[in-house]
Amino acid sequence: MQGTDKNIPPVNPSVYPPEDEITLKEIIEKILEFWSEVWSKKWWIILFSIPFIVYFGYKAKNEQITYSAKLTYTLNDGSGSGGALSGILGSFGLGKGGKVNLDKIVELSKSRNIQQKVLFQKVELDTFPGKPDFIANHIIVLHKLDELWTNKTKDWKGFRFKHGNISEFSGEELMAFKMLFGKIIGGKNVKNNIFSNGFNEDTGILTLSATTADEELSIEYCNLIYDEIKQYYLVNSSKGNMSTFEFAEAKSDSIFRTMQAKEFQLAKFNDSHRNLTDPGLLTQKKIMETELFKLKNMYAEVTKNRELADFTLSAGTPDISIIDEPIPPLEPNAPSLLIELIKGALLGGLLALSFVLGRKIVLDAMRN
């Protein structure tokens with residue numbers, strides 16, 4: 001049996017690497033090879049990128065300029081309480097208060113009820129020179145919504161609202177209002193909605209913002225939404241305290257009339273029966289005096305409750321006030337032409353580069 005030749009030195013892996021292991025030299029050679037391929041096709045890559053650069057540039061130049069207006073406001077809940085009056089009227093369900101819910105205010109401002117009141121107010125803008133028209137129609141024209149709504153089933157071009165009351169809307173106007181409302185508050189498949197709102201949880205400051213293609217319209221929209229929220233919230237939040245005050249006032253007036261009638265009755269009795277000696281008449285007089293005394297005490301108490309209800313109504317009404325309102329000029333929102341050109345060049349170049357390198361890799365694989 002032939003033995004192993006002990007004089008043959010062992011193979012050094014660092015000098016003779018395995019055949020399937022890639023060396024740093026091969027990596028550098030492959031990079032240079034790719035770079036050479038890319039450089040040889042540089043004009044092809046540039047030509048391929050030009051359509052993308054032109055498209056992004058054209059899109060930036062024709063992008064509609066919009067103006068965003070922002071209004072901030074705060075809402076402080078009334079802290080007045082009914083005190084004794086609340087205890088007296090509690091069984092009637094009157095005089096109940098509640099904590100301010102900022103989420104409720106945010107949802108309220110996006111409600112159809114608030115939005116439609118604003119959309120169908122008439123203002124005069126450059127859209128329809130010399131002619132006040134619904135804000136809804138201004139938005140349709142400025143944002144070309146009638147063209148965007150047009151599809152194979154219906155041509156909306158030239159559509160305008162003719163009525164300001166939703167109860168008078170035709171079927172076509174109802175459909176258009178639903179689409180317009182979606183554009184206003186946003187939703188599924190809606191980009192660049194016109195109205196947005198929110199609040200800061202730490203400070204409690206609420207924000208309204210409107211973005212339209214007209215500076216004056218954006219400012220006016222914010223102000224009108226705020227006015228509607230304030231009106232709606234104040235009226236509804238003061239209903240309970242108003243009912244309490246009206247209840248106390250009605251009770252006060254009723255007791256006062258009864259007391260006044262009893263005083264006339266007693267005065268007439270005294271005038272008709274002077275120097276009384278008849279025990280029956282004396283008893284009758286005593287009863288009238290006792291009833292009048294009770295009525296006076298009742299009137300004093302109910303008058304105090306009425307004043308308390310009046311104070312509760314004033315102190316319990318929430319205070320809604322503007323912090324900052326939008327003022328012109330507003331900064332226009334428009335894409336940067338330079339940035340869009342760079343984006344087009346990068347996208348086109350990346351696609352062309354991927355094709356060149358991918359083509360080389362495939363050809364090299366086929367040769368091998």
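A short tour of the structure in this document, coming up.

Reading the values: rules and limits
The numbers attached to residues start from 1 for each chain and follow its sequence in the written order. Totals for whole chains, interfaces and linings use every residue, but because this is a predicted model, local features are given only for residues with pLDDT of at least 70 and side-chain atom pairs only at 80 or more, for both listing and counting. With hydrogens and water set aside, each side-chain value is computed from the structure's full complement of heavy atoms. Helix and strand definitions here come from DSSP, where helices need a minimum of 4 consecutive H or I residues and strands a minimum of 2 consecutive E residues; each element is numbered from the N-terminal end. Whether a residue is buried, partly exposed or exposed follows from its accessible area with a 1.4 Å probe, protein chains only, as a fraction of its type maximum: under 20%, in between, or over 50%, in that order. Any pair of residues with heavy atoms lying within 4.5 Å of one another is described as a contacting pair. Residue burial considers only the protein chains on display, and all accessible areas are found by Shrake-Rupley using a 1.4 Å probe. Here, a salt bridge means any Lys or Arg side-chain nitrogen found within 4 Å of an Asp or Glu carboxyl oxygen. For our purposes a nonpolar core is just a set of buried Ala, Val, Leu, Ile, Met, Phe, Trp, Tyr and Cys residues, chained together by side-chain atoms within 4.5 Å. For helices, the axis comes from a line fit to the C-alpha atoms of the stretch in contact; other axes are also lines fit to C-alpha atoms, and the angle between any two N-to-C directions lies between 0 and 180 degrees. Between 65 and 115 degrees an angle is taken as roughly perpendicular, under 35 as roughly parallel, over 145 as roughly antiparallel, and anywhere else as oblique. Here is the rule: rings of Phe, Tyr and Trp (six-membered ring for Trp) pair when centre to centre is within 6.5 Å. Planes less than 30 degrees apart are stacked, more than 60 are edge-to-face, and the remainder are tilted. In this scheme, Lys NZ or Arg CZ marks a charge over a ring once it lies within 6 Å of the ring centre and within 35 degrees of the ring normal. Distance thresholds for patches are 9 Å for like charges and 5 Å for nonpolar side chains (Val, Leu, Ile, Met, Phe, Trp, Tyr), applied to residues having over 30% relative accessible area and no salt bridge. Two strands pair if DSSP finds at least two bridges between them. The span one expects for a helix is its residue count, reduced by one, times 1.5 Å.

### A few points about the overall build of the chain
So, point 1. When helices and strands are counted, the chain shows twelve helices and seven strands.
So, point 2. Within the chain, buried positions represent 32% of all 368 residues.
So, point 3. Expressed as a percentage of contacts within the chain between residues at least 6 apart in sequence, the contacts between residues at least 24 apart total 71%.
So, point 4. Total accessible area computed for the chain in this model is approximately 24,200 Å², and 57% of it derives from carbon and sulfur atoms.

### Quick look at the pattern of salt bridges
So, point 1. According to the stated counting rule, one finds three salt bridges in the structure shown.
So, point 2. Residue Glu107 pairs with Lys110 through a salt bridge whose shortest N-O separation is 3.7 Å.
So, point 3. The class for Lys110 is partly exposed, based on a relative accessible area of 26%.
So, point 4. We note a salt bridge from Glu172 to Lys154, for which the minimum N-O separation is 2.8 Å. A residue pair is termed long-range when its members are at least 10 positions apart, and Glu172 in helix α8 (residues 171-185) and Lys154 in the loop between α7 (145-149) and α8 qualify at 18 residues.
So, point 5. Given the relative accessible area of 34%, Glu172 is considered partly exposed.
So, point 6. For Lys154, a relative accessible area of 26% gives the class partly exposed.

### Considerations on the nonpolar core
So, point 1. Formed by 47 residues in total, the largest nonpolar core has its most connected members in Tyr73, Leu119, Ile135, Ile139, Phe161, Leu180 and Tyr221.
So, point 2. Listed by contribution, the elements that provide at least two residues to this core are β1 (66-76), α4 (102-109), α5 (112-119), α6 (135-142), α7, α8, β5 (206-212) and α9 (215-237).
So, point 3. At nine residues, the largest contribution of residues to this core is made by α9.
So, point 4. Aside from chain neighbours lying at most four places away, what touches Tyr221 is Gln115, Val118, Leu119, Ile135, Ile139, Ile184, Phe195 and Ala210.
So, point 5. Ile255, Met288, Leu292 and Val302 belong to the second-largest nonpolar core, a separate cluster that totals eight residues.

### A short note on the packing of α5 against α8
So, point 1. Two elements in contact, α5 and α8, have axes separated by 11 Å at closest approach and are oriented at 100 degrees. One element, α5, and the other, α8, form an angle in the roughly perpendicular class. The segment α5 lies against α8, with Arg112, Gln115, Gln116 and Leu119 engaging Phe177, Leu180, Phe181, Ile184 and Ile185.

### Here's the deal with the packing of aromatic side chains
So, point 1. Evaluation of the coordinates by the stated rule reveals 16 aromatic pairs.
So, point 2. For the pair Trp44 and Phe48, a centre-to-centre distance of 5.7 Å together with 15 degrees between the ring planes defines the contact as stacked. Of this pair, Trp44 and Phe48 both sit in helix α2 (residues 42-62), separated by four residues, roughly a single helical turn.
So, point 3. For Trp44, a relative accessible area of 38% gives the class partly exposed.
So, point 4. On the accessibility criterion, Phe48 (34% relative accessible area) is partly exposed.
So, point 5. Seen in terms of ring centroids, Phe120 and Phe134 are 5.7 Å apart; in terms of plane orientation they differ by 75 degrees. Their pairing is edge-to-face. Residue Phe120 is located in the loop between α5 and β2 (122-123), and its partner Phe134 is located in strand β3 (residues 133-134); the two are separated by 14 residues in the primary sequence.
So, point 6. Take Phe134: its relative accessible area is 8%, and that puts it in the buried class.
So, point 7. Here the basic side chain of Lys42 rests over the ring of Trp39, its NZ or CZ set 4.3 Å away from the ring centre.
So, point 8. In this arrangement the basic side chain of Lys122 is found over the ring face of Phe134, its NZ or CZ atom lying 5.2 Å from the centre.

### A word on the side chain of Asp214
So, point 1. Along the chain, Asp214 falls in the loop between β5 and α9.
So, point 2. Among all residues touching Asp214, those that are not within four sequence positions of it are Tyr67, Leu125 and Leu142.

### As for a nonpolar patch on the surface
So, point 1. Together, Leu24, Ile27, Ile28, Ile31 and Leu32 make up a nonpolar patch on the protein surface, roughly 500 Å² of accessible area in all.
So, point 2. Of note, Ile27 is situated in helix α1 (residues 24-40).

### Considering the side chain of Gln115
So, point 1. Within the secondary structure, Gln115 sits in helix α5.
So, point 2. Judged by relative accessible area, Gln115 falls into the buried class, the value being 0%.
So, point 3. The residues touching Gln115, leaving out its near neighbours within four places in the chain, are Ser109, Lys110, Phe181, Ile184, Ile185, Phe195, Tyr221 and Ile225.

### So, the pairing of β1
Residues in a regular strand project their side chains so that they alternate between the two faces of the sheet.
So, point 1. Pairing of β1 with strand β7 (residues 332-333), which is carried by two bridges, proceeds in the antiparallel orientation. When the sheet's bridge partners are listed, Thr66 is paired in β7 with Asn333.
So, point 2. The pairing of β1 with β5 spans seven bridges and is classified as antiparallel. Its bridge partner being in β5, Tyr73 is matched across the sheet by Leu206.
So, point 3. The pairing of β1 with strand β6 (residues 319-324) spans five bridges and is antiparallel. Residue pairing for β6: Leu75 is matched across the bridge by Ile320.

### Observations concerning helix α12 (residues 337-367)
So, point 1. The terminal C-alpha atoms of α12, which comprises 31 residues, lie 45 Å apart, in line with the 45 Å expected from a rise of 1.5 Å per residue.
So, point 2. Of all the residues in α12, the buried ones are Glu340, Gly344, Gly348, Gly349, Ala352, Val356, Lys360 and Asp364.

### Things to note about the environment of Ile65
So, point 1. Relative to the helices and strands, Ile65 resides in the loop between α2 and β1.
So, point 2. Each C-alpha atom of the pair Ile65 and Ala213 lies 6.1 Å from the other, and the pair is 148 residues apart in sequence.
So, point 3. Contacts of Ile65, omitting those with residues within four sequence positions, involve Ala213, Pro332, Asn333 and Ala334.

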